[in-house]
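The primary structure of each chain is shown beneath.
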Amino acid sequence: MSTWLIRRLLALPVVLLVIYTVSFLLVEAAPGDPVLGQRDRIPPRVVVDRLRYMYNYDMPMWQRYGVWLGQYVRGDLGTSTSYGHQPVAQLVGPAFVRSAALGFMALALAVVVGTVVGIVAATHQNQWIDQASLVPVLLGISLPSFVTAAVLQILFAVVVPVFALGGWPDGWGEVLYHLTLPAIALAMPIVAYVSRLMRASMIETLRMDFVRTARAKGASPGRVVFKHALRNAFLPVLSFLGPAAAAVMTGSFVVEQVFRLPGMGDFFVKAVLDRDRRMVLSIVLVYAALLVTFNVVTDMMYGVLDPRIRVQEEKGAGS
Amino acid sequence: MGAVIRNTIAMLGLLAGLMPLPGGLVGCGREGQVGEGQPVRPLRVLNQSEVQTLDPARISWQIDIRAADLLFDGLTQTHPRTLENIPCIAERWDLSEDGKTYTFHLRRDATWSNGDRVTAHDFAWSWQRVLDPETAADYVYLMYVIRNAQRYNEGRACSLEPLPRQAELKVKGKFVEAMPFDQVGIKAMDDYTLRVELVAALPYFLDLTSFITFKPVHRPTIEKFTIRQDGRVVDVDTDWYLQPGNLVCNGPYVLESWVQRQYMRYVKRAGYYDAEKIPSQRIEILPISDPSTAFKMYDQGEADIMPFPPLRRVSEALIRRAEQGRRDDVHVSLKFGTYFYRLNTQRKPFDDPRVRMAFSRAIDRELLTRRLCWLGEKPATSLVPPGVRGYESPTMAGFDPEAARKLLAEAGYPAGKGLPVVGIMFNKEASHQAIAESIKDMWSKYLGATVELLSLDRGSLRQKVQSLDYSAARAGWYGDYLDPITFLDMFMTAPEGGGGNNDTGFSNPEYDHLITEAMRESDAKRRNGLMRRAEEILVVEQLPIIPLYYYADMYLFRPEVKGFWPNQMGINPLRWAEVGMAGDSKQGDKEAGRQGAATQAKGTAGGRS
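Sequence positions are assigned chain by chain, starting from 1 and proceeding in written order. The naming scheme follows written order: chains are lettered A onward, ligands numbered 1 onward. Where totals are concerned, whole chains, interfaces and linings use all residues; where local detail is concerned, this predicted model gives features only for residues with pLDDT of at least 70, and gives and counts side-chain atom pairs only at 80 or more. Water and hydrogen atoms were dropped before computing side-chain values, which therefore reflect all heavy atoms in the structure.

So, the pattern of salt bridges
All names here are of chain B. Within this document, salt bridges are pairs made up of a side-chain nitrogen of Lys or Arg and a carboxyl oxygen of Asp or Glu, the two lying within 4 Å of each other. Under the defined criterion, the tally for this structure stands at 45 salt bridges over all chains. With a shortest N-O distance of 3.3 Å, R156 and D132 are connected by a salt bridge. On the criterion of sequence distance, the pair formed by R156 in helix 4 (residues 149-160) and D132 in the loop between helix 3 (120-131) and helix 4 is long-range, its members being 24 residues apart. Put simply, R347 and D469 hold a salt bridge, and the shortest N to O gap is 3.1 Å. For helices the rule is a DSSP run of H or I covering at least 4 residues; for strands it is a run of E covering at least 2, with both sets numbered from the N terminus onward.

Structural notes on the packing of aromatic side chains
Residue and element names in this part refer to chain B. Centres within 6.5 Å make a pair out of two Phe, Tyr or Trp rings, where for Trp the six-membered ring is used; the pair is then stacked when the planes are under 30 degrees apart, edge-to-face when over 60, and tilted otherwise. As enumerated under the stated definition, the model contains 35 aromatic pairs over all chains in all. Plain terms: the ring middles of Y339 and Y549 are 4.6 Å apart, the flat faces sit at 15° to each other, and that makes the pair stacked. With a gap of 210 residues between them, Y339 in strand 14 (residues 330-343) and Y549 in strand 19 (residues 545-557) connect regions that are remote in the sequence. Assigned by exposure class, Y339 and Y549 land together as buried. Plain terms: the ring middles of F359 and W443 are 4.7 Å apart, the flat faces sit at 75° to each other, and that makes the pair edge-to-face. Pair noted here: F359 is in helix 11 (residues 353-361) and W443 is in helix 14 (residues 430-447), with a separation of 84 residues, a long-range link. Relative accessibility under 20% of the residue-type maximum defines a buried residue, over 50% an exposed one, and the middle range a partly exposed one, all with a 1.4 Å probe and only protein chains included. The exposure class of F359 is buried, given its relative accessible area of 0%.

Focus: the side chain of B:D69
Residues and elements named next belong to chain B. Looking at the secondary structure, you find D69 in the loop between helix 2 (62-68) and strand 2 (76-78). Residue D69 is classed as buried on the basis of its relative accessible area, which comes to 13%. Setting aside chain neighbours within four positions, we find D69 in contact with I212, K215, P252, P573, L574 and R575. By the convention used here, residues are in contact when the closest approach between their heavy atoms is within 4.5 Å.

A word on the confidence of the model for chain A
On average, residues of chain A score 83 in pLDDT, and 95% of them are at 70 or above. Known as pLDDT, the predictor's confidence for each residue is given on a scale from 0 to 100. Mean pLDDT across the elements of chain A bottoms out in helix 15 (residues 307-318) of chain A (57) and peaks in helix 3 (residues 61-73) of chain A (93).

Things to note about the packing of helix 12 (residues 365-372) of chain B against helix 14 of chain B
Residue and element names in this part refer to chain B. Only the stretch in contact is used when a helix axis is fitted, and all axes are lines through C-alpha atoms; the angle between N-to-C directions ranges over 0 to 180 degrees. At a closest axis distance of 11 Å, the pairing of helix 12 and helix 14 adopts a crossing angle of 145°. Pair helix 12 / helix 14 crosses with right-handed handedness. Across from L367, L368 and L372 in helix 12, the residues of helix 14 making contact are A434, I435, S438, I439 and M442. Class assignment for the residues of the contact of helix 12 with helix 14 results in seven nonpolar, one polar and no charged. We call a crossing left-handed when the near helix sits turned anticlockwise from the far one by less than a right angle, and right-handed when that turn is clockwise. Residue polarity is assigned by list, with Asp, Glu, Lys and Arg as charged and Ala, Val, Leu, Ile, Met, Phe, Trp, Tyr, Cys and Pro as nonpolar; anything else, Gly included, falls into the polar class.

A short note on the interface of chain B and chain A
Counting residues at the interface gives 67 residues for chain B and 49 residues for chain A. The junction of chain B with chain A conceals about 4,900 Å² of combined surface from both sides, 51% of it contributed by carbon and sulfur atoms. Looking at the side of chain B facing chain A, the largest losses of area belong to B:Q52, B:R261 and B:R462, adding up to 16% of the total buried there. In this assembly, chain B and chain A are joined by one salt bridge. Note that B:D457 is salt-bridged to A:R275, the shortest N-O span being 2.7 Å. Two N or O atoms count as a polar contact when they lie within 3.5 Å, although within protein this holds only if one can serve as hydrogen donor and the other as acceptor, and sequence-adjacent residues are included solely when both atoms are side-chain atoms. On inspection of chain B and its partner chain A, the count reaches 14 residue pairs in polar contact (both at pLDDT 80 or more). Where the side of chain B that touches chain A is concerned, the elements lending two or more residues are helix 1 (2-18), helix 4, strand 9 (232-236), helix 8 (239-242), strand 11 (263-268), helix 9 (291-299), helix 15 (458-466) and strand 18 (472-478) of chain B. Here the side of chain B that touches chain A takes six residues from helix 15 of chain B, the largest share from any one element. Note on definitions: buried area is the accessible-area loss of two parts on being combined, 1.4 Å probe, summed for both.

See the structure below:
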């Protein structure tokens, strides 16, 4: 296990280097002047030249690649061209924390609700309750988040004003008031996927020999599901949750816009429009680092949940 | 896809925003009422997006100006109701007989927020900082009206270049020798007297001294945060304004807290010299980039002023309601800005002025604005919008398809035969697309032209336009100050003239001469004559551009908001604004220039650049 983990962790910088290189080339290839951003009017040449110098655009591309790489290695995310020379880390840091907090809420909600709905549907296969569980699933999958977000906002912040119209909570006491609706909007598609995966996986697991044995031994239906089948049935959900966690915790542009939450999503989209290359690259790298980390964590969790995988890993490592 | 999302959100926004709301429209802030008749809560103002910088030297966006104006005082200030420049830090000023030298006498009771006195040296140093190339001030060119300022700026920039580059510039004859700052026409005569020498007698110089770029910064603070490398200035650490504790300012408010992309909270500064004229104890600026969300917040009472329009359908519904007398918070005003198309005069078919004229005359601007604009934009008859005192623009030839076809035939393209394909480039936005499609139809119908549309992002469009890789391209321009020259100098021969914004390939020696003369001319009447003749060349004879309409804008603010006045220049300082009790608005706001919504709503507004 430890050898495997070290191998995976050593691969992390290589993966990030490849992602940095590809992203760097892509943002460099994009049309538009990175130092002029969204300006309609062109400042005098003296100003444009100085801006190029400040942001390393006065040097050849390969040299800029090296300079920025060196900065990333030192943990310096650079300076934003579109936010008045502000350090990217200073801008993105708090935004990331907010997106991650909201994402975590959404993910927790999605896992709990999705798993429960999936189990209930699986244990009542082809009954009315199974059919009824399709309704939220279909809504979650088919409705885009800009619609669900706006509808939730209208229903629960305007018509029946029990939650905030938007904005980030000022203190812990306001967390539920401000973040419930965006967390639901963000969680809905994940709930749908998780419940479907859970249902299919649980149905399959419940037909397996070890479950039959458990039943034969007189275990109660609840014990069969939660003690014996759930661990196995959860594996497909787990593999979905790795990348989903990275995606949901790095922010959703639409949900953040509608609920005016100052998260990462808005930064990313605006950075692309502004040609703020450094901001784009830095956000991509943060996202990539998270994705790779969550994948590693997911792989580790497989071993925790399924002893057979742990045993195989150990055998593989030993051979 | 983007349009679908926007439209859906717009419709939902309309639903949410216009449906009767529990509790009506009265604001319901968290802070409680202080006392009867007293402002009950902070004035809350929406901003289209997060502030990018609060450094006056580097500000170039309206959203930043709105936020920084509360913190910094200049020599003068433009009153938003009258657009007159009134004393601020300068309590009075003298103007020399030739109109070229201003002597500002500063008030002695103005202080910085840390207690330091505001002196003429602060202004001289801050203006020098703007002119120093290391600051990279977007609006540095506004200071070029000061004697030797441009030479100082360019000379310093050349001296900062590496030696091989300096040699290269010398060979090309583009090297400017550095000059000491004491040769620039900015001099602090003593602590409270500032003398400014201009290159010419400029009627709009006080507009400039009211502008954000000319506001001073606190020298010790900036020096403390300056980043140096090998003894040279590299940049300024933005923490000097990002952390409210660091920010030393001289305006009526201090920044109490700033949570990026959530709010900026200002509190009235105790030691401000003019504190009794500042009505609001607290102001909050809320950055909301989604117009639909912004409108919902405004209509729910979470904001008092929305100084930009909601999405089109909501705006139209609001204007209709205002016209029916059902809303009194909708205000539309014409802007000192023009929406126009650039034509590439270096490329066929627009290398011939007759063709340019033909294409201009084939556009029905009345129809265009009636169908596609919704905030009361007016069809353009010139480049310079009306509103400049003493100046009347020449009127360009209007819509006449017959005359247009005749001109085209004279140019060798009878009934459009032989015309190359004409491309219209515009930046991605539904309103620009609709206008381009309409113009395409008109050019095809009336001239027989084959027209292609190309939608680009703003950066790509600018790149194409700058490299003259286009036929026709959408453009918009808002005047920096209320003078025709802010529009006209743009079309002087590039690259020396035009400030880098000509982008049409247009070059006309007479035009250049007229503008140069106008910049030097002291006599207002003669100066206006020179500018009028120049504009005549531009929009009557040569047409490197096709003006389409004059911009308009929409503001929403509650009837109980006092001291906030929409105007043509978009100068909307919040320092005099307050939110009173509902019904208070009659008290001091009659002269506010807030023409009734219904009257103003007749003047529409629309496409934003």
